Amino acid sequence: MDPTNGADSSVLSVPMAPVAPPASLSLTRDSFNAQSLGRSLNAHVKQSRVLMVGAGGIGCELLKNLVLTGFGEVHVVDLDTIDLSNLNRQFLFRQEHIKKSKALVAKGVAEKFNPVVKIVAHHANIKDPEFSIEWFSGFNLVFNALDNLEARRHVNRMCLAADVPLIESGTTGFNGQVQVIKKGVTACYDCTPKETPKTFPVCTIRSTPSQPIHCIVWGKSYLLNEIFGTSEEESAFDHSSDADNAKEIEELKRESEALRKIRESVGSPEFHQMLFDKVFNTDIVRLRSMEDMWKNRKPPEALDYKTLLAQASKAMAAKDAVLKDDQKVWSLEENLVVFKDSLDRLSKRVLDMKKAGSENTIITFDKDDADTLDFVAASANIRSTLFGIDRKSKFDIKQMAGNIIPAIATTNAIVAGLCVLEAFKVLKGKYDKAKEVFLTPFAPARLLASDRSREPNPDCPVCGVFQTRAYVDLSRATLNDLVEDFLKLQLGYGEKEISVSNEVGILYDPDETDNLGKKLSELGIKPDSFLTVTDEDDENPYVNVVVAIQEAKEPLEEKPIKSVVSGEVKIPTKPKKTPVPEINGQNGHVMENGSRQQSIVVPEITPAKRPHPDEAEDTGAIKKARTAAGPTAGQDDDEIVVVDDSTGGAIVIDDD
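I will try to describe carefully the structure that is included in this document. In this text, all values refer to a predicted model and were calculated from it rather than measured experimentally.

### Regarding the side chain of Q179
Inference 1: Within the secondary structure, Q179 is located in strand β6 (residues 175–181).
Inference 2: At a separation of 3.3 Å, a polar atom in the side chain of Q179 contacts the main-chain carbonyl oxygen of A187.
Inference 3: Discounting residues that sit within four places of it in the chain, Q179 has contacts with L166, I167, E168, A187, C188, E436 and R454.

### As for the sheet that holds strand β8 (residues 435–439)
Inference 1: With respect to topology, eight strands assemble into an open sheet ordered β3-β2-β1-β4-β5-β6-β8-β9, the strand pairing being mixed. The sheet is open, and its two edges are formed by β3 (118–122) and β9 (448–452), each paired on a single side. Neighbouring strand axes in the sheet, compared pairwise and without regard to direction, differ in orientation by 15 degrees on average.

### What to know about the packing of aromatic side chains
Inference 1: All chains considered together, the criterion is met by 13 aromatic pairs.
Inference 2: Their ring planes at 90 degrees and their centres at 6.0 Å tell us that F228 and F375 sit as a pair that is edge-to-face. Within this pair, whereas F228 is found in helix α8 (residues 212–228), its partner F375 is found in helix α15 (residues 370–386), the two being separated by 147 residues in sequence. For the pair formed by F228 and F375, the shared burial category is buried.
Inference 3: Put simply, the rings of W218, Y222, F228, F271, F276, F280, Y305, F339 and F375 touch in pairs and so form one group of aromatic residues.

### Re the packing of α15 against helix α16 (residues 394–401)
A pair of packed helices is captured by two measures, namely the crossing angle of their axes and the spacing between those axes.
Inference 1: The contact between α15 and α16 brings their axes to 10 Å, and the two run at 105 degrees. Considered as vectors, α15 and α16 are oriented roughly perpendicular to each other. Contact residues: L373, D374, A377 and N381 in α15; K394, I397 and K398 in α16.
Inference 2: The class makeup of the residues in the contact of α15 with α16 is three nonpolar, one polar and three charged.

### Description of the sheet that holds strand β13 (residues 530–535)
Inference 1: Here six strands make up an open sheet; going across it, the order is β12-β11-β13-β14-β10-β15 and the pairing mixed. Of all the strands in the sheet, just β12 (506–508) and β15 (561–563) have a single pairing partner and so form its edges. The average angle at which neighbouring strand axes cross in this sheet is 35 degrees, direction not considered.
Inference 2: Bridge analysis of strand β11 (residues 498–501) against β13 gives four bridges, and the strand direction is antiparallel. Across the sheet, the residue bridging to S499 is T534, located in β13.
Inference 3: Here helix α18 (residues 479–490) sits on the sheet in contact with β10 (466–472), β11, β12, β13, β14 (545–551) and β15, set at roughly 30 degrees to β15.

Rules used throughout
- Residues numbered from 1 in each chain as written.
- Predicted model: local features only at pLDDT ≥ 70, side-chain atom pairs only at ≥ 80, totals over all residues.
- Heavy atoms only, no water.
- Helix = DSSP H or I, 4+ residues; strand = E, 2+ residues; numbered from the N terminus.
- Polar contact = N/O pair within 3.5 Å; in protein donor to acceptor, adjacent residues only side chain to side chain.
- Contact = heavy atoms within 4.5 Å.
- Pairing = 2+ DSSP bridges.
- Axes fitted to C-alpha atoms, helices over the stretch in contact; angles between N-to-C directions.
- Phe/Tyr/Trp six-rings, centres within 6.5 Å; stacked < 30°, edge-to-face > 60°.
- Buried < 20%, exposed > 50% of the residue type's maximum accessible area, 1.4 Å probe, protein only.
- Parallel < 35°, antiparallel > 145°, perpendicular 65-115°, else oblique.
- Nonpolar A, V, L, I, M, F, W, Y, C, P; charged D, E, K, R; others polar.

Have a look at this one:
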């Protein structure tokens, strides 16, 4: 008997079939979303066409969220392919996806989550011409899930030009941030300066390294570029101010010439030894001859190629095992094996490109490119050995050379969720409710700290300007057409003195008129180029105007340039600077509680007009002062910049 109810336990109970709920009670996925979001917001979400730039750590989480939430159409842009190191946090990808397009694989996997959502994948660079301002303007919302500064700034600028709201996001280890950017309403990505990147003097990199990073930078930014990339001789390296260091400059020229000859022997049997002898023997012997340099430090030891090669026979036999073990710190002989093998692979790539008729045979560093990574790792380790510096594993060198900050899957997930929550506010048009949210798990306060969106910075060079667009017939439009017909007549500058510039420099001002007769295409102006117009009036100047150039959709009959905006354009004037109140003859500012805080006032340096010959000396001093005192645009990632302390030139290691 069953002790609970007295029933005979020997009688078998027959399980009842589950009763299906009435048809009226069955809920679809969309019904759940409507209940969660409300019918109005759910309708906005289903009708939205959104763009997601980046399909990496944040991107995988964000795409999953967008699809499950029911966003109607999602475009994904990413130029990367999947690497083994991605799999620990980019959960849309599996082992079989390695070397395949991130965007295409993410689309295929995410479609299974919600077949109703339309996903369009673009395996491409967001800076490609096909992704024009007009293309951006076709979206209701853009999400940035990027990991580098340059691309972030580009998307920020394109969204401002297209007047499309942008949700910017990023993570660094356990920390994360989400920011809503809306033209004229909130601060943009460039409204505040970024952290100053790390710098190393070029003389340290070239002659007196003391840390592994110095040797890694040398291998990546110097040696790889000289042999397989853009050599220093062809780059924008400027040594014009090195008059007092003529001997060293002559030596650098001889060094570049020697490397050029070695570069021409790529693929020959002597190639390995020629390069090795040059950088690990001849150059080291030259450095040792500078006795003053080694009074207080141990001089480097040169290596002999044939002697080291004879010692590396055992490592050569185990080459495959050495190449696969990226956690081990390779011996000197093992580094030679990797050095030779990577040179073979890179040489073959160059020869194949030449055989295919390619004019561009340049190979650049990519942390996910095994050939360039092996070359940089082996070269850096051999150089470290010469200078008595600890060698590093390939895994460590990849992190240091690629400026990799360890990514945390949970951080990416939290930030992706915050992106969608802020997107709901944007779709409802409630920008006053939008927040800048910071994820700071080790802060003494709460895990998520939010603040009101900052207002646009009036001095921001990107969003603190008046933006407009122009349709241009680039086959016949000249700079004179732009200045006389468009700027002076259509935009209303009239007889004002103005200057026109692009990212290269000044194209026109009252003293620089040589370009007026040239076509815009001759001046390097293409569709989606940005031109900045500066009002030179000292009394009541307009704010700077940024003109986005768009290719005319149809022939322009009368004038080759036409404003995209119909009707009168009213450019605002620059606001007057409010003087800081004085306290007992000293400047200070009033706090919200009524107290006064002492401040250090830095004299403002106003932008100078293009100098006349008799003003050149003073203006040069102003420009130098601005360069030295102004904030340096930095990087979200730990980007490394090598600064030549004698010339002012710089090598930038991009975060590819």
